Amino acid sequence: MSEPVVSVIVVNYNAGPMLAACLGSVRRSPSVRQCIVVDNDSSDDSLAELDGGVEVVRNSENLGFARAVNIGLARARDPLVLLLNPDCIVFPGAVERLVNALDGCHRAALVGGLVVNPDGSEQRGCRRNEPTPARIARRMLSGGRGGNGIDRTDEPLPDGPVSVDAVSGAFMLIDRSLLAALGGMDPGYFLHFEDLDLCRRVRDAGREVLFVPGALSVHLKSASGDAGRRTVQGHKRDGLIRYLDKFHRNALSPVSMKMIRLAARAHWWLDTAWRSRRDSRVIPGADDPRRVLRALDAWLSASPEQWLVVTGATSQVGDYLVPAASGRFRVMAVTRGARAGSIDDGVWWVGPGFPARVAGAGVRGIGGWLHAAPIWVIAQFDGAIEALRPARLVAIGSSSIETKRDSASRSERETVARLERGERVVLQLGERSGAAVTLFRPSMIYGNANNENIAFIGRWLRRLRMFPLVGAGSGRRQPVHAEDVAKSCLAVLDNPRTFGRLYYLAGSEVVEFKEMIERIFASASIRPTFVTVPAGALRVLIAVAGKVPGLGFLTPAMVDRVNQDLVFDISPARNDFGYAPRRFDP
């Protein structure tokens, strides 16, 4: 639906620059006609960046969320009202998906979208069951973790809108006439539980609450800059008690209600005490959520053609690829590490499940997808790639597909099979998504402190000050620097000559195996020392070492390749996209 039919109500209390970023994201929605900010006596400069297109109501005191919403409701003019927290960024098309879901179900009167954390994980409370006394008791006993029966975020996302008991008040759309008929939000709640209360009253009125997984927003949970956790948790405790008094009093005896009240207060005290000790250990200078929200708004303001997904963003190639790509694209860097949730210099670090959620939000036609993780891992992203329809799909395999095909090592042959399977998946994904595919098979990669080749040998030499050698060590090698592989990924993106092609990537210099080790000795300032070892004995030693956790990549078959040439033709890469790798310098 393109016709403007939505009035947005944002309750603000010291949200700082997040408020303008939030409104900027939702005002890009064609369904939005009116934006109302109800300010609860903020003491910061939250309102300074707002323009005349936003209606502002200034309260002389902090009235709480529910009362502020009702003030905004009195000014709303459109048939639908969107309640939106000021620390939310709305994805393109999200509001329209909420509107369409409401239009598509005549019994529905309130809908909520998929609310995620900055790392892309679904936020707890995004979709919920009715908080019955039994469920609340389990939640308290579980410390707020899963298994309490209220939160449903551990369940798989549905394919489309589904009926639920409650959705998050951070991003919910409701029929204005029904909201007015219900008397607005219950002003008896100051903060927390007012959204659960509203969803319950909508259901009691015979209407449905829908959860719409394709309507995506990012929520930071940090809008009220100077509201202490103890205060917020106190409001949550009071909201819980009011909710139970209002909807479950008949199911509880006076003694049971008193016990729940005592448990709620005890839970509040223990939670705030523990959090206080934990928060005191947080490293100062952590990423400012207000800056993060503004950066997210800037990131999402770019068209999908400027988006580039990088899987394997913290791999040895990804370490060079992500910063290099950020100068040309908005990079969605996929990682399982601690960086997920941060955003800086056009790079948004997210968890592995987020690209599929973005695809579910209707995003199509992104600029590209670069896969720097082990190539067989790409199968985990097949649905997201097919749906997002990247213009380009570039994946990094390995020259091991040739050098280890006939290996005596079963594990190496299995690796080759995974590499071949991964390449087939990439080609199939290119056909299904319409992406132009380029495949790379790099030789021995170096340049990263954690790789299993040159860096591992360097660590070995620094510890033992010697290297075991079989024969003359005359097998020729072409080590390639990880940065040269990363540059190649970017060099082929806009080059039609590389579409549908496979390239070997190796260094510009061919060196014998022994000389390669000598250079690694020199880089560590250690005098080269080689110990000649019979091939059979070295195979046994390596087989034993390969059993050590973290050294599984060591196989006896490595011994057989010490005197074999592993050299590749890089002239097609030179001719097609100007590939110019460096000489070997560990």
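Here is what the cut-offs are and how they apply
Residues numbered from 1 in each chain as written. Predicted model: local features only at pLDDT ≥ 70, side-chain atom pairs only at ≥ 80, totals over all residues. Heavy atoms only, no water. Pairing = 2+ DSSP bridges. Helix = DSSP H or I, 4+ residues; strand = E, 2+ residues; numbered from the N terminus. Buried < 20%, exposed > 50% of the residue type's maximum accessible area, 1.4 Å probe, protein only. Polar contact = N/O pair within 3.5 Å; in protein donor to acceptor, adjacent residues only side chain to side chain. Axes fitted to C-alpha atoms, helices over the stretch in contact; angles between N-to-C directions. Parallel < 35°, antiparallel > 145°, perpendicular 65-115°, else oblique. Left-handed = near helix turned anticlockwise from the far one by under 90°. Contact = heavy atoms within 4.5 Å. Nonpolar A, V, L, I, M, F, W, Y, C, P; charged D, E, K, R; others polar.

1. Some details on the sheet that holds strand S17 (residues 392-396)
As summarised here, the arrangement of the eight strands in space is S14-S15-S13-S12-S16-S17-S18-S23, forming an open sheet in which the pairing is mixed. Two strands close off the open sheet at either side, each with one partner strand: strand S14 (343-344) and strand S23 (501-505). Note: strand S12 (residues 307-311) against strand S16 (residues 368-371), four bridges, orientation parallel. Across the sheet, the residue bridging to Val 310 is Leu 370, located in S16.

2. Some points on unusual backbone geometry
Phi at Asp 345 is positive, roughly 50°, even though this residue is not glycine. Relative to the elements of secondary structure, Asp 345 occurs in the loop between S14 and strand S15 (347-350). The exposure class of Asp 345 is exposed, given its relative accessible area of 62%. Located in the positive-phi region is Arg 465, a residue other than glycine, with phi close to 60°. With respect to the element layout, Arg 465 can be found in the loop between helix H15 (454-464) and strand S20 (467-469). We classify Arg 465 as partly exposed; its relative accessible area is 47%.

3. Here's the deal with the environment of Ser 342
Tracing the sequence through the fold places Ser 342 in the loop between strand S13 (330-334) and S14. Residue class for Ser 342 comes out partly exposed when judged on its relative accessible area of 22%. It is 7.2 Å that separates the C-alpha atoms of Ser 342 and Asp 119, two residues lying 223 residues apart in sequence. Reaching out from Ser 342, the side chain makes a polar contact with the backbone oxygen of Arg 339 at a distance of 2.7 Å.

4. Things to note about the packing of helix H1 (residues 18-26) against helix H9 (residues 289-300)
Packed helices, taken two at a time, are described by the angle their axes make and the gap between the axes. Running from N to C, H1 and H9 point in directions that differ by 25°, and their axes come no closer than 9 Å. By the angle between their directions, the pair H1 and H9 is classed as roughly parallel. For H1 against H9, the interelement crossing comes out left-handed. In contact with Met 18, Ala 21, Gly 24 and Ser 25 of H1, H9 contributes Pro 289, Arg 290, Leu 293, Arg 294 and Asp 297. A breakdown of the residues in the contact of H1 with H9 according to their chemical character gives four nonpolar, two polar and three charged.

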